[in-house]
Amino acid sequence: MVSPPLLLALDQGTSSSRAVLFDAQGQAVASASAPLNIHYPADGWVEQEPMEIWASQRQAMARLEQTITAEQRQAVVACGITNQRETTILWRRSDGSPCGPALVWQDGRTADVCAAWKRAGLEGDWRTRTGLMLDPYFSASKIHWLLQHHNAAASAAAQGDLCFGTVESWLLWHLSGARRHCSDMSNASRTLLMDLEQRQWVPAFCDHIGLPTSALPDLVPCRGDFGAIASDCPFAGVPICALLGDQQAATLGQLCLEPGEAKCTYGTGAFLVINTGTEIKRSDAGLLSTLGWTDDQGIPTYCLEGSLFNAGTVVQWLRDGLEIIPTADEVNRLALSVENAAGVMLVPAFTGWGTPHWDPQARGLLIGLTRDSRRGHIARAALEGIALSVAGLVRLAEDAIGHGLGELAVDGGAAASDPLLQAQADSTGLRVRRPSQLESTARGVALLAGLQCDVVPDLQVLLPQRQQNTQLFRPRLDPDQRQTWLRPYDDPLQPCLHSHELHVLRSPGNRRRRQRCLRCLRGRAARPACGPAGKP
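Every residue gets a number counted from 1 within its own chain, in the order that chain's sequence is written. With pLDDT at 70 or above as the cut-off, local features in this predicted model cover only qualifying residues; side-chain atom pairs require 80 or more to be listed or tallied, and sums for whole chains, interfaces and linings still use all residues. Side-chain calculation: all heavy atoms of the structure are included, whereas hydrogens and water are not.

1. Let's talk about the overall build of the protein chain
A helix here means a DSSP run of H or I that spans at least four residues, while a strand means a run of E at least two residues long, and both kinds are numbered starting from the N terminus. Within the protein chain one finds 19 helices and 22 strands. At 23 Å, the protein chain has a C-alpha radius of gyration in line with the 24 Å of a compact globule built from 536 residues. Principal-axis analysis of the C-alpha atoms places the extent of the protein chain at approximately 70 × 55 × 45 Å. A total of 536 residues make up the protein chain; the buried ones form 59% of that total. The globule rule used for comparison is 2.2 Å times the number of residues to the exponent 0.38, while the radius of gyration itself is calculated over C-alpha atoms. Per-residue accessibility, obtained with a 1.4 Å probe over protein chains only, is compared with the maximum for each type, and a residue is labelled buried under 20%, exposed over 50%, and partly exposed between these values.

Below, the structure written as C-alpha cells:
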C-alpha cells in the first residue's frame, strides 16, 4: 500500500529541536525532538553553541527517521525549516567553523551599543526602513559585537571568508552540504538589515556594523527550491521547499490568513502576531512591523507584532529556580489551588522587556507578598503575569489596526495551561481559541512547503479546521471588572523597567542621587528625570 505524501517540518527552537511529519491536511503523523543547551555566562547574556544547534536538529531528524515505517519514509516529498529568529551566527565559508558563540535573541549584552546608536540619532532611519527598533533583540548589534570581540570573526571578515546567518541559514548550510547560503525574507526582516518595503539588504546598515556585504546570505522568498538534504544527513534527498521564522510560521499554521486575524504563541517568550495583509502597518507604541511570509515570487504578506521575552521561562523558573513545582504542568494544579493571587503580582521581565518599553535592562519583579502568601499564590501570579503582559500587547495592537481582534488563536507549550488561557480571555475580553494540536509552528512551515510542491493546493480549503477540535475560553469578567483587575498591574512596571538604575544607586556615596531616582519611580514617570547614574 502506497502511503499518501508527507511533509517534513524541522522546528529549531530555543530550548529544543523538533522534526515532525504532517499529511496534506496539516495533521501531525509522527514527531521526535532533541534538547538544546542554553548558556548564561553573565547577567543578560544568552548564548548557544552553533554546532550544538545543528547537532540537536540532526538528532531530532535521526530519531524521527528511525521511528517511521519504510513506506512513510518513502512518502516524504518536501521539507520546510522554521527556527528561533534573530539568533546570530558567524562562520567561515571555507570550512564551516563557527567564529564565536551563537548570540540568542534574548541576549542583551549590546544594550550600550544600541543606546549609543540611538544617541547618535540613527533609530529613525533604521525604524522607517526595517520596521524594527534599535534593540539588542535583533541581529545587527549582535553581529557588531561578535566582530568587535571575537578575533576569529574579524579575521574571517578581513579575509573575505565570513558568513552571517540566522538559524535557518545555518541549518540550510549544513543540510545542503554547504551548497546554499540563504536567508528567507521573514527571517531577514528580523535582522535590522533588510528594507521592509523593498525587501532588499541595506548596504549602509551593513557598513555601520562592520559586516562585509559578501558575508550576507542570498535573500530568497519563503518558499522555493532551496536544494535537497545532503546524502550524509537523515532524510537524505528530500527537497527543501520552505524557510520561515517561527512566529510567522505559527501564524500561518493557525490559518490566520486574513488581515486582522491574530495568534499568540506561548513558548520561551510570548509573541502576538496580527496579519495586516499587503499593507505595512506602522506603530508609534512599540509594536513591530515585520514580514509574515511570501509566495514563491516574493510577494509578501505583512504582520504587526508584539514581543514578550519571558513566558515559558517563567514556569521553568518556578520549577528550576524556586523549585516550588516538580514538573512544568504542575503549575496549573498549584495555581487552581487558590481562589486568586491574593495581591501577589509577578512582572516577567527576567531578560529585559520588549513591547512597548524596549528596555533590555529591565528585570522581573515579584511583589505583594505577605505572611499568608503560599506557593499557589505565586504560581497563579506567574500565569496571570504572562496573561496581563500579553493583554497589554493586545490593547496596543487593537489601537494600531483601529478595531478589536474579537478572537485570539493560541499555541505553544504554555498554551496547554487552562488557567493561563482563562486569564488571557478575562484580561483581553477576547475569545481565546486553542487547537487540539499545538504544533502550529511546525505545521505552518510544513503547509508552506506543501504549497510549493503542490501537495497542498490551497490553504483556504483548510479553514473549516479552525472550528474543529478546538477549545474556546470566553471572558468571565465584564468591562468594569476587567479594568479593576488590570489597573494595579501597571504600577509595578516602572520600577521593573528602571531596576538597573537602583542597582547603580545602591552605594552609600550615591545617597542624594538615590533619593532623586526613587522619587521618579514613585511618581510612575514615563521618562524619569534621572539618568542611569541618577543624574538629571
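Moving on, there is more to tell.
2. Observations concerning the nonpolar core
What is meant by a nonpolar core is a set of buried Ala, Val, Leu, Ile, Met, Phe, Trp, Tyr and Cys residues, joined one to another through side-chain atoms within 4.5 Å. Counting 71 residues, the largest nonpolar core has Leu162, Leu193 and Leu211 as the members making the most contacts within it. Take this core: its biggest share by element is seven residues, from helix α15 (residues 440–452). In contact with leucine 211, not counting residues within four places along its chain, are Ile143, Leu147, Leu162, Phe164, Leu193, Cys206 and Leu216. The next biggest cluster of nonpolar side chains, apart from the first, holds 53 residues, and it includes Ala362, Ala387, Val394 and Leu405. Note on definitions: a residue-residue contact is assigned when non-hydrogen atoms from the two residues lie within 4.5 Å.

3. Observations regarding the sheet that holds strand β1 (residues 6–12)
Paired strands are those between which DSSP finds at least two bridges. Strand order in this open sheet of five strands is β3-β2-β1-β5-β13, and the pairing throughout is mixed. The open sheet is flanked by β3 (28–35) and β13 (240–245), the only strands paired with a single partner. The mean inter-strand angle of the sheet, taken between neighbouring strand axes irrespective of direction, is 15 degrees. The pairing of β1 with strand β5 (residues 76–83) spans seven bridges and is classified as parallel. Whenever a helix is involved, its axis is fitted only over the stretch in contact; in every case the axis is a line through C-alpha atoms, and angles between N-to-C directions fall within 0 to 180 degrees.

4. Focus: the environment of asparagine 37
With respect to the helices and strands, asparagine 37 occurs in the loop between β3 and β4 (47–48). Taking the C-alpha atoms as reference points, asparagine 37 and serine 15, 22 residues apart in sequence, are found 6.6 Å from one another. In this view, asparagine 37 contacts Gln48 and Glu52; residues no more than four positions away in its chain are not counted.

5. Re the packing of aromatic side chains
Put simply, two rings from Phe, Tyr or Trp (the six-membered ring, in Trp's case) pair if the centres are within 6.5 Å, and we call them stacked under 30 degrees between planes, edge-to-face over 60, tilted for the rest. Here the structure, examined in full by the defined rule, presents 14 aromatic pairs. With centroids separated by 5.9 Å and ring planes inclined at 25 degrees, the aromatic side chains of tyrosine 137 and tryptophan 358 adopt a geometry described as stacked. Highlighted residues: tyrosine 137 in the loop between α4 (123–130) and α5 (139–149) and tryptophan 358 in the loop between β18 (345–347) and β19 (365–367), separated in sequence by 221 residues. Residues tyrosine 137 and tryptophan 358 agree in their burial class; the two are buried. Among the aromatic residues, those joined into a ring-pair cluster are Trp105, Tyr137, Phe138, Phe271, Phe309 and Trp358. When the ring centre of phenylalanine 271 is taken as reference, the NZ or CZ atom of arginine 85 above it lies at 5.8 Å. Only lysine NZ and arginine CZ atoms are considered, and such an atom sits over a ring when it is within 6 Å of the ring centre and within 35 degrees of the ring normal. A cation sits over an aromatic face here: arginine 129 above phenylalanine 205, 5.8 Å from the ring centre.

6. Some thoughts on the pattern of salt bridges
Just to be clear on terms, a salt bridge is a Lys or Arg side-chain nitrogen sitting within 4 Å of an Asp or Glu carboxyl oxygen. This model, assessed by the stated rule, comprises 20 salt bridges. In this structure, the salt-bridge partner of aspartate 246 is arginine 85, at a minimum N-O distance of 3.3 Å. Pair noted here: aspartate 246 is in helix α10 (residues 246–253) and arginine 85 is in the loop between β5 and β6 (89–92), with a separation of 161 residues, a long-range link. We note that aspartate 246, like arginine 85, is buried.

7. A look at the sheet that holds strand β22 (residues 470–473)
The strands that make up a sheet are held in pairs by hydrogen bonds between backbone atoms, and each pair lies either parallel or antiparallel. Read across the sheet, seven strands follow the order β16-β17-β15-β14-β20-β21-β22 without closing on themselves; strand pairing throughout is mixed. Each having just a single partner strand, β16 (288–294) and β22 make up the two edges of the open sheet. Going from strand to strand, the sheet's axes swing by 30 degrees on average, the running direction of each strand aside. Summarising the sheet, β16 and strand β17 (residues 300–308) pair through six bridges and their orientation is antiparallel. Residue pairing for β17: threonine 294 is matched across the bridge by proline 300. In the packing of α10 onto the sheet, contacts are made with β14 (262–266), β15 (270–277), β16, β17 and β20 (407–411), and the angle to β16 comes to roughly 60 degrees.

8. Side note on the environment of alanine 387
Inspection of the secondary structure puts alanine 387 in helix α13 (residues 375–401). On the basis of relative accessible area, alanine 387 is assigned to the buried category, the value being 0%. Excluding its chain neighbours within four sequence positions, the residues that come into contact with alanine 387 are Leu420, Ala423, Gln424 and Ser427.

9. Details of the pairing of β20
Of all the five residues making up β20, five are buried; the element is thus mostly covered by neighbouring parts of the structure. Here β20 shows a buried face lined by Glu407, Ala409 and Asp411 and a second buried face lined by Leu408 and Val410. Bridge count between β14 and β20: three bridges; the pairing is parallel. Within β20, the residue paired with cysteine 264 across the bridge is valine 410.

10. Remarks on the side chain of serine 427
Mapped onto the fold, serine 427 is located in helix α14 (residues 418–428). Polar contact is defined as a pair of N or O atoms within 3.5 Å, subject to the rule that within protein one atom must be able to donate a hydrogen and the other to accept it, and that residues adjacent in sequence are counted only when both atoms are side-chain atoms. From its side chain, serine 427 meets the backbone oxygen of glutamine 424 in a polar contact 3.2 Å long. Sequence-distant contacts of serine 427, defined by excluding residues within four places in its chain, comprise Ala387, Leu388, Ala391, Arg482, Trp485 and Leu486.

11. Concerning the confidence of the model for the protein chain
As a per-residue measure, pLDDT reflects the predictor's confidence and takes values from 0 up to 100. In the predicted model, the protein chain carries a mean pLDDT of 89, and the fraction of residues at 70 or more is 91%. Every residue in residues 502–536 scores below 50 in pLDDT, and together they form 43 contacts with partners more than four places removed in sequence or on other chains.

12. Quick look at unusual backbone geometry
In this model, threonine 355 is joined to proline 356 through a cis peptide bond whose omega is 0 degrees. With respect to the helices and strands, the residue proline 356 is situated in the loop between β18 and β19. Positive phi outside glycine occurs at glutamate 323, with the angle close to 60 degrees. Structurally, glutamate 323 is set in the loop between α11 (312–321) and α12 (330–335).

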